[in-house]
Amino acid sequence: MKILMILTSHDQLGNTGQKTGFWLEEFAAPYYVFKDAGAQITVASPQGGQVPLDPKSDDPAAQTDDTRRFKEDPAAQALLGNTHKLKEVAAADFDAVFYPGGHGPLWDLAEDPLSIALIETMLSAGKPVAAVCHAPGVLRRVKAPDGTPLVRGKSVTGFANSEEEAVGLTDVVPFLVEDMLKENGGNYSKGGDWQPYVASDGLLITGQNPASSKPVAQALLKLLG
């Protein structure tokens, strides 16, 4: 079982002068679900090399058992320091792809033609695609085979407008994940703010927020059988 995890290379939070990147729990929780199931994990990003960690996800209040395990795992840390370039990976080599969130993907992966093509290729080959929190934003430009938005008519979730408002970034992000999914025709649903919530529709699995990271990864494993 070979799983590709794709992380952002973007580290600027709009024009705020603050840093962003990927959210640690959203990488660590799925990583250990996959690793403990014996999966072979490859990590890639648009630029390759070291990926930017959102400093807020490193705050003591944001830590979980999985992030603490990651902090004591030099091999996992090394993966994040030496990611493959997106242009170097091929859908044919993997059984599934997982996108952790953080605000970074809204700027780079949502518009990245290589990422868009990879998702379309995976799904057309009958391989599952999963994304959590802000990462469903990577589906923004992805098309179904008939040229319509991929998410049209599909059950999806992602970071809620109310959650974005709670972190004070509604006017900073390039688009709101909830609004985008609805505008593209997705059947968006959500749970309570910060509570685990997963939407599955065929080969597409999405999660609402950081707390949904592990359940999304578990749903992906179940789909892979």
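This text goes with the structure placed above it.
Reading guide: rules and limits
The written sequence of each chain sets the order in which its residues are numbered from 1. The predicted nature of this model means local features are confined to residues of pLDDT at least 70 and side-chain atom pairs, given and counted, to a pLDDT of 80 or more, with totals for whole chains, interfaces and linings taken over all residues. Side-chain descriptors were evaluated using all non-hydrogen atoms of the structure, hydrogens and water having been removed beforehand. Classification of residues uses two cut-offs on accessible area relative to the type maximum, computed with a 1.4 Å probe and protein chains only: under 20% is buried, over 50% is exposed, and between them is partly exposed. In DSSP terms, a helix is any run of H or I states spanning at least four residues, a strand is any run of E spanning at least two, and both are numbered starting from the N terminus. Note on pairing: DSSP must find at least two bridges between two strands before they are called paired. The way it works is a 1 Å grid over only the protein atoms, where trapped points that fit a 1.4 Å probe form a cavity and open points with protein on both sides within 12 Å along at least five of seven lines form a pocket, and then any residue with an atom within 4 Å of a point lines it. Grid points are joined across faces, edges and corners, and a volume is the space filled by probe spheres set on the points. Ring pairs shown here join Phe, Tyr and Trp side chains whose ring centres sit within 6.5 Å, with only the six-membered ring taken for Trp; geometry is labelled stacked below 30 degrees between planes, edge-to-face above 60, and tilted in between. Only when the NZ of Lys or the CZ of Arg is both within 6 Å of the ring centre and within 35 degrees of the ring normal is a charge said to sit over the ring.

Colleague: Teacher, can you tell me more about the pairing of strand β9 (residues 204-207) here?
Modeller: Burial along β9 is two-sided: the face carrying L204 and T206 and the face carrying I205 and G207 are both buried. Alignment of strand β5 (residues 129-132) against β9, held across four bridges, turns out to be parallel. Bridge pairing links V129 to L204 in β9. Pairing of strand β8 (residues 198-201) with β9 involves four bridges; the strand directions are antiparallel.

Colleague: I'm lost on the layout of surface pockets in this one. Help?
Modeller: A water-sized probe, rolled over the atoms, reveals where empty space remains. The computed volume of the largest pocket comes to approximately 190 Å³. Within this model, the second largest pocket holds a volume of roughly 160 Å³. Residue lining of the second largest pocket: 13 residues in total, with L123, S124, P145, L150 and K154 positioned closest to the centre. For the lining of the second largest pocket, the leading source of residues is helix α4 (residues 113-124), giving four residues.

Colleague: I tried to follow unusual backbone geometry on my own but got confused; where do I start?
Modeller: The general pattern is negative phi for most residues beyond glycine and trans for most peptide bonds. Even without glycine at this site, C133 takes up a positive phi of about 70°. Considering the arrangement of structural elements, one finds C133 in the loop between β5 and β6 (155-156). The phi dihedral of W194 is positive, around 70°, even though this residue is not glycine. Structurally, W194 can be placed in the loop between β7 (187-188) and β8.

Colleague: It is not clear to me how the packing of aromatic side chains should be interpreted in this structure. Could you clarify?
Modeller: Any pair of aromatic rings gets described here by the distance separating the centres and the angle formed by the planes. Scanning all chains against the criterion turns up six aromatic pairs. Centre to centre, the rings of Y31 and Y32 are 5.0 Å apart; their planes meet at 80°, and the pair counts as edge-to-face. Like Y31, the residue Y32 is buried in the burial classification. By way of ring pairs, the aromatic residues F22, F27, Y31, Y32 and F70 are connected into one cluster. In this arrangement the basic side chain of R140 is found over the ring face of F175, its NZ or CZ atom lying 4.2 Å from the centre.

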